[in-house]
Amino acid sequence: MSLGKILGKRALSILAAVGVCVLAQMVLTQSVDGFLLRLFFLGGLYVTLAVSLNLINGITGQFSIGHAGFYMVGAYAAGLSSNYFFPRQSLDMPAYLLVSVLIGSVAAAIAGLIVGLPSLRLKGDYLAVVTLGFGEIIRIITLNQEAWGGSYGYNLNHKHQSLALVFLLAIVCIAVCRNLLKSAHGLAFLAVREDEVAAQAMGINLTKTKVVAFVVGATFAGAAGALFAHDSGFINPDLFKMELSFLILTMVVLGGTGSITGSVLAAATLFLIPELLRIAKFEVSQGVLLGVLVAVGVMVYTIRLVERTFHGEKTQKSLLLLGAVVMPYVVMFGVGKLLETYTILGDKFYKANDLRWVILAIVLLVVMLIRPSGLFGHHEFSWDWLRSKMNRRAVEA
Amino acid sequence: MALLRMEDVTIKFGGLTAVNQVNFDIEKGDLFGLIGPNGAGKTTCFNMITGVYTPTSGKVIFEGNDISGTPPNKIAQVGICRTFQNIRLFGALSALENVMVGAYLRHQTSLFSGFMLSPRAIRETAELRKKSMELLSVVNLADEASSRSSDMSYGKQRRLEIARAMATDPKLILLDEPAAGMNPQEKDELRAVVHRIRDEFEKTVLLIEHDMKFVMNLCEKIVVLDHGEEIAAGGPDEIRSNPKVIEAYLGEPV
Ligand SMILES: Nc1ncnc2c1ncn2[C@@H]1O[C@H](COP(=O)(O)OP(=O)(O)O)[C@@H](O)[C@H]1O
Ligand SMILES: [Mg+2]
């Protein structure tokens, strides 16, 4: 089947997706302020990043923790080429944006190929180290390139925040992964994740499968990078640190490795934590912080205790669980406040922004302890699933 | 011409000669048994046939071509598929999906059309599903189609592995201790399945089995390995009365 024919069959859904994205952009730019717009924009980017990493990590089982590297390759390739090919300021037509998205994704795809190839020989932790190293190498090379602005960063001639393109990219990325899982081809990727020896014995080409996963995943990250670069018109290597890779990885793991739905939801909520804390004004004392950390521990263990030992009535169990969540906080907050007054621990205060990683780590810890397979496990949202849930509820009622 | 010919096949792991100068021919339509005590080198033979290991010397010849050292996925392509002694299913996938992975080997559409979910890819997926369902009922697992394979019982997992290997449409199917861990009733069921695979689906079967009674009742030709050496070959009756075999099995009832 030729590309033309396939696109023909898909014309309606493609048109609808484009329509929705353009409409969303129109409505949003009319109705919300710049800060919120940026949150929507970043949300779209993170969804793309998480879903594309999920293809590599969750679906194909290749433990890659250097996704920010592909994102960065896309951003720099797009920025550099955009300035090179479109040196004039203030273009109205965002055609250049499409061109740089294309260039960004091709550059990232090549990077994906380069990183994907060693993955044939490496497994688990070893592969993780290689991918992590890749992300850092890319960053350090850029830091030392005068022509790319080095550590000062790189200014783009054009600045354009295209919400429509970001949404479209996220939709295409989700659709491509979902399509894969709906066709028998997706089984080859899942089989590689589950057992490489058996997969190969069933005739699956491990090389091809892994490299395709890396290349496709990197391509989407690169496209996201290109849009990101044009959003602020300025990029610098610090924007693509290891922490970013970890954040994306956290989204995938938290959502449930392999679940596209999980990646989308985790991405759309988790990216908000650092973004909102960046602007939040509150401060937390050492005492309260310590109290909250202890409360998290107590909460997790009480929840597990309740889950394991108590099989009573549903409402009763829910109440107990609620207590397990709320009580430790009330107590520990009180203790924390006391410690604040009687400054045994010193009177250091942390700004909200400094707590970004602490809070992210706590969220990850709690979810992993309570639901080790992530929020969605291997499951996907589907209308059938929803319908069966509703029916069951109706039957129970 | 033999379907599969082992020609002086030898493999050494460091100082250990796991398989030494093994020769046998499997003809098309054979129900062939490979037996011997634990550590005799049976699984290692499977690993050399399926490309997991390359023989140190000697050749594995399939349909007249030397296939020694060909990667496992190519081996599946040319028509040899196996099950594993230490069950290796795709745990998180359903029984049906496991079989579909096997059937996927004979797919026609491109990976690209999978990413695009082209109508042909959809149709093909439906066909693979149908074919896999049929194979599941051959091994009496139709009811378990949507069960997660890692949750299934041991005996069912073994049968599922057979269905998965069958799905690749092999000419030669290798079964590594398919009856291990099964109760007598399951073993009878399995024997019927293996017969059906050979008679109805016209596959050639090579099976490793530790349970002598099972092999004697099922296989028409048998090769016995001990410490990597081929100590006997022939029909069940010849093997049963062979003193070397009796000695190798340390007087176990044969
Ligand atoms: N990869 C390997 N490295 C070293 N020794 C091996 C390897 N694979 C098998 N062996 C050895 O080869 C011998 C035969 O093993 P195997 O073929 O598994 O026996 P079995 O007849 O019980 O299936 C054993 O002594 C085993 O330890
Ligand atoms: Mg063995």
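The following refers to the structure shown. (Residues numbered from 1 in each chain as written. Chains lettered and ligands numbered in written order. Predicted model: local features only at pLDDT ≥ 70, side-chain atom pairs only at ≥ 80, totals over all residues. Heavy atoms only, no water.)

1. Remarks on the overall build of chain B
Helix and strand counts for chain B stand at 10 helices and 10 strands. For chain B, whose C-alpha radius of gyration is 19 Å, the value lies close to the compact-globule estimate of 18 Å for 254 residues. C-alpha atoms of chain B, sized along the principal axes, occupy 60 × 40 × 35 Å. Residues counted as buried form 57% of the 254 residues belonging to chain B. (Helix = DSSP H or I, 4+ residues; strand = E, 2+ residues; numbered from the N terminus. Rg over C-alpha atoms; globule rule 2.2 N^0.38 Å. Buried < 20%, exposed > 50% of the residue type's maximum accessible area, 1.4 Å probe, protein only.)

2. Looking at the pairing of strand β2 (residues 16-26) of chain B
Residue and element names in this part refer to chain B. As paired elements, strand β1 (residues 4-13) and β2 share seven bridges and run antiparallel to each other. From the neighbouring strand, I11 faces β2, where its bridge partner is V19. The turn linking β1 back onto β2 is made up of two residues, and G14 within it adopts a positive phi angle of 60°. (Pairing = 2+ DSSP bridges.)

3. A few points about the coordination of the magnesium ion (ligand 2)
Tetrahedral coordination by four donors sets the ideal angle at the metal to 109.5 degrees; octahedral coordination by six donors sets it to 90 or 180 degrees. Residue and element names in this part refer to chain B. Around the magnesium ion (ligand 2), the protein contributes the donor atoms T43 (OG1) and Q85 (OE1), which lie 2.0 to 2.1 Å from the metal centre. Here Q85 lies in the loop between β6 (80-82) and α3 (95-103) and T43 lies in helix α1 (residues 42-49), a separation of 42 residues in the sequence. Classification of Q85 by relative accessible area gives partly exposed; the value is 30%. (Donors = N, O, S within 2.8 Å, 3.2 Å for Na, K, Ca; no water.)

4. Quick word on the sheet that holds β1 of chain B
All names here are of chain B. Spatially, four strands are ordered β2-β1-β4-β5 in an open sheet, and the strand pairing comes out antiparallel. In this open sheet, the two edge strands, each paired with only one partner strand, are β2 and β5 (65-66). Pairing of β1 with strand β4 (residues 57-62) involves five bridges; the strand directions are antiparallel. Looking at the pairing, R5 lines up with I61 of β4. Where α1 meets the sheet, its contacts fall on β1, β2 and β4, and the angle it forms with β1 comes to roughly 115°. (Contact = heavy atoms within 4.5 Å. Axes fitted to C-alpha atoms, helices over the stretch in contact; angles between N-to-C directions.)

5. Structural notes on the pattern of salt bridges
For side chains of opposite charge, pairing can occur when their charged atoms come near one another. Per the counting criterion, the structure on display carries 21 salt bridges over all chains. Across the pair R193 of chain A and E194 of chain A runs a salt bridge whose closest N-O atoms are separated by 3.0 Å. For E63 of chain B, the salt bridge goes to K171 of chain B, with nearest N and O atoms at 3.3 Å. Remark: K171 of chain B occurs in the loop between α6 (154-167) and β7 (172-176) and E63 of chain B occurs in the loop between β4 and β5; sequence separation between them is 108 residues. With a relative accessible area of 40%, K171 of chain B lands in the partly exposed category. (Salt bridge = Lys/Arg side-chain N within 4 Å of Asp/Glu carboxyl O.)

6. Here we look at the sheet that holds β7 of chain B
Residues and elements named next belong to chain B. One open sheet accounts for six strands, arranged β6-β7-β8-β3-β9-β10; its pairing is mixed. Every interior strand has two partners, whereas the edge strands, β6 and β10 (229-234), have only one. Strand-to-strand twist of the sheet, defined as the mean angle between neighbouring strand axes without regard to direction, takes the value 20°. Sheet topology note: the strand β3 (residues 31-35)/strand β8 (residues 204-208) ladder contains four bridges and is parallel. Among the inter-strand pairings, G33 is bridged to a residue of β8, identified as L207. The strands touched by α1 are β3, β6, β7, β8 and β9 (221-226); relative to β8, the strand with the most contacts, the crossing angle is about 140°.

7. Focus on the interface of chain B and chain A
Listed as interface residues are 39 residues of chain B and, on the opposing side, 33 residues of chain A. Both faces combined, the contact of chain B with chain A buries some 3100 Å², and carbon together with sulfur accounts for 74% of it. By the criterion of area lost to chain A, the three top residues of chain B are L111, F115 and L117 of chain B, representing 22% of everything that side buries. The closest approach of N and O atoms between D195 of chain A and R88 of chain B, which form a salt bridge, is 2.8 Å. Taken together, the links from chain B to chain A amount to nine residue pairs in polar contact (both at pLDDT 80 or more). (Buried area = accessible area lost by both parts, 1.4 Å probe. Polar contact = N/O pair within 3.5 Å; in protein donor to acceptor, adjacent residues only side chain to side chain.)

8. Overview of a nonpolar patch on the surface
All names here are of chain A. Taken together, L319, L322, V325, V326, M327, V330, V331 and V335 make up a surface patch of nonpolar side chains, about 690 Å² in accessible area. By the element assignment, L322 lies in helix α14 (residues 314-341). With relative accessibility at 51%, the residue L322 sits in the exposed group. (Patch = residues over 30% accessible without salt bridge, like charges linked within 9 Å, V, L, I, M, F, W, Y side chains within 5 Å. Areas by Shrake-Rupley, 256 points an atom, 1.4 Å probe, with all protein chains shown as cover.)

All quantities given are derived from atomic positions and should not be read as evidence of function.
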